Amino acid sequence: MSLRRKWADSYRLRLTLSYVLVVSVLAGGWAWSLFGPLTDAVIEQQQAHLQSVAQAGVLVVGRTSGVPEQTVRELVARTDLRMTLVATDGTVLADSAEDPASMGNHSDRPEIIAALAGDVGRDLRRSATQGVEQMYVAVPATLNGQRVALRVSESLTKIHEVSARARETGLLLLGLSVALALILGARTATNTARPVERLADAACAMAAGDLVSGVPAETGALEPLSAALTQLRTQMRSRIGDLEAEQRSLRTVLDGLTDAVFLLDDDQVRLVNRAATTMFRTTPAEIRGRAIGDIGLPPSLSSAIIASLGAHASVTQEIGPDPLQRYVRLTVVPLDPAAETERHLVVVADITDRMRLDSVRRD
């Protein structure tokens with residue numbers, strides 16, 4: 001897989017995972033609210049409902065002169081509620097579900113204590129007479145001119161059923177919302193990643209040397225990046241054209257010299273001129289890219305060049321005669337000593353004719 005494809009897949013994956021993370025956090029908060037907070041809200045709502053029923057019952061009980069037990073049964077008839085009247089000493093006066101005579105004293109019930117004190121009392125506990133979890137709400141009331149507590153209760157089973165139905169509905173909506181959010185997130189990630197991938201294609205093509213293909217003209221937030229890549233491509237083409245022109249000029253100058261010229265990176269030949277191939281009877285392909293000691297130079301010349309590569313200043317010396325009875329003047333110039341790779345310019349001049357004239361003159 002290409003570097004561009006790996007990058008694009010990684011970018012799209014990270015973008016998709018970001019959407020998934022956001023959706024997961026929101027879904028987690030929603031799911032959490034469907035349990036504890038939802039149950040608390042339903043209980044609070046039901047307590048408010050029971051309080052409304054109890055306060056309505058207070059008005060009826062205060063105005064009736066009939067049997068209290070019949071009154072409370074009529075008030076909660078055809079409902080799942082239970083209504084109880086309790087005297088100030090805790091004695092049960094009437095109950096819609098049980099015989100008051102069989103019920104114990106209620107003076108220790110928290111909601112009864114609060115109602116007899118003039119407040120609204122609430123409590124959640126297991127019923128001593130029915131053996132099930134109940135919600136109790138008691139309010140102060142008056143019966144035949146005496147203060148009593150009127151209590152309304154409801155089984156928590158019903159409340160839990162209401163919570164369960166609401167939770168099921170919420171979970172269903174949550175599942176649909178998460179599925180829709182993931183689909184939209186994946187589509188958004190794809191649409192967002194596609195223009196970035198197109199620009200990445202253009203950048204990778206430029207890095208590979210393709211300065212002919214155009215850069216996609218994107219809009220929106222990516223428009224400045226598209227324009228910058230287009231300008232960069234134009235500048236690179238212009239600079240590379242200038243460098244190629246300078247290289248051609250340099251090649252023309254070097255090939256016009258009568259001295260052999262080598263450009264070395266460490267001890268590797270990177271550039272050689274025409275005079276060098278003529279002087280040493282070889283071709284540029286046989287020299288370029290090889291070590292200076294392996295290109296077939298006379299041993300004395302090759303050894304002198306290698307010995308001069310460690311110097312930090314220009315070295316000039318005359319060497320000869322070689323096996324062909326030639327004399328040469330060697331000049332080794334270090335280039336850019338601060339660079340990581342040592343580069344040297346090696347110039348070899350044939351001074352055989354001058355040496356012969358000097359010999360004749362001496363003779």
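First, a word on scope: everything that follows refers to the structure included in this document. Just so it is clear, the structure is predicted and the values come from calculations on it, not from any experiment.

## Some words on the sheet that holds strand E7 (residues 268-272)
Read across the open sheet, the five strands follow the order E7-E6-E10-E9-E8; overall the sheet is antiparallel. The open sheet has two edge strands with one neighbour each: E7 and strand E8 (315-319). Adjacent strand axes in the sheet meet at a mean angle of 25°, parallel and antiparallel pairs treated alike. Here five bridges tie E8 to strand E9 (residues 328-335), and the two strands are oriented antiparallel to one another. Residue pairing in the sheet places Val315 in a bridge with Val332 of E9.

## Digging into the sheet that holds strand E3 (residues 121-126)
Pairing within the open sheet is antiparallel, and its five strands lie in the order E2-E1-E5-E4-E3. The open sheet has two free edges, formed respectively by strand E2 (92-95) and E3, since each of these has just one partner strand. Pairwise comparison of adjacent strand axes, ignoring direction, gives a mean angle of 25° for this sheet. Pairing between strand E4 (residues 133-143) and strand E5 (residues 146-155): ten bridges, direction antiparallel. Counted as the bridge partner of Tyr136 is Ser153 from E5. Across the sheet, helix H3 (residues 68-75) is in contact with strand E1 (82-86), E2 and E4; its angle to E2 comes to roughly 40°.

## Quick notes on the side chain of Ser308
Looking at the element boundaries, Ser308 is found in helix H9 (residues 299-308). Classification of Ser308 by relative accessible area gives buried; the value is 6%. A polar side-chain atom of Ser308 sits 3.5 Å from a polar atom in the side chain of Gln317. Those residues within four positions of Ser308 in sequence are excluded, and the remaining contacts are Val315, Gln317 and Val332.

## Remarks on the packing of aromatic side chains
Following the criterion strictly, the structure yields one aromatic pair and no others. With centroids separated by 6.3 Å and ring planes inclined at 40°, the aromatic side chains of Phe262 and Phe280 adopt a geometry described as tilted. Taken together, the residues Phe262 in strand E6 (residues 260-265) and Phe280 in the loop between helix H7 (274-279) and helix H8 (284-287) connect sequence positions 18 residues apart. Summarising the burial analysis for this pair, Phe262 and Phe280 share the class buried.

## Focus: the side chain of Asp95
If you trace the backbone, Asp95 turns up in strand E2. For Asp95, the side chain forms a polar contact with the side chain of Thr84, separated by 2.4 Å. Here the side chain of Asp95 touches Ala97 through a polar contact of 2.8 Å, landing on its backbone nitrogen. Residues contacting Asp95, with those up to four places away along its chain left out, are Glu69, Val72, Arg73, Arg82, Met83, Thr84, Pro100 and Met103.

How each quantity is defined
Residues numbered from 1 in each chain as written. Predicted model: local features only at pLDDT ≥ 70, side-chain atom pairs only at ≥ 80, totals over all residues. Heavy atoms only, no water. Pairing = 2+ DSSP bridges. Helix = DSSP H or I, 4+ residues; strand = E, 2+ residues; numbered from the N terminus. Axes fitted to C-alpha atoms, helices over the stretch in contact; angles between N-to-C directions. Contact = heavy atoms within 4.5 Å. Buried < 20%, exposed > 50% of the residue type's maximum accessible area, 1.4 Å probe, protein only. Polar contact = N/O pair within 3.5 Å; in protein donor to acceptor, adjacent residues only side chain to side chain. Phe/Tyr/Trp six-rings, centres within 6.5 Å; stacked < 30°, edge-to-face > 60°.

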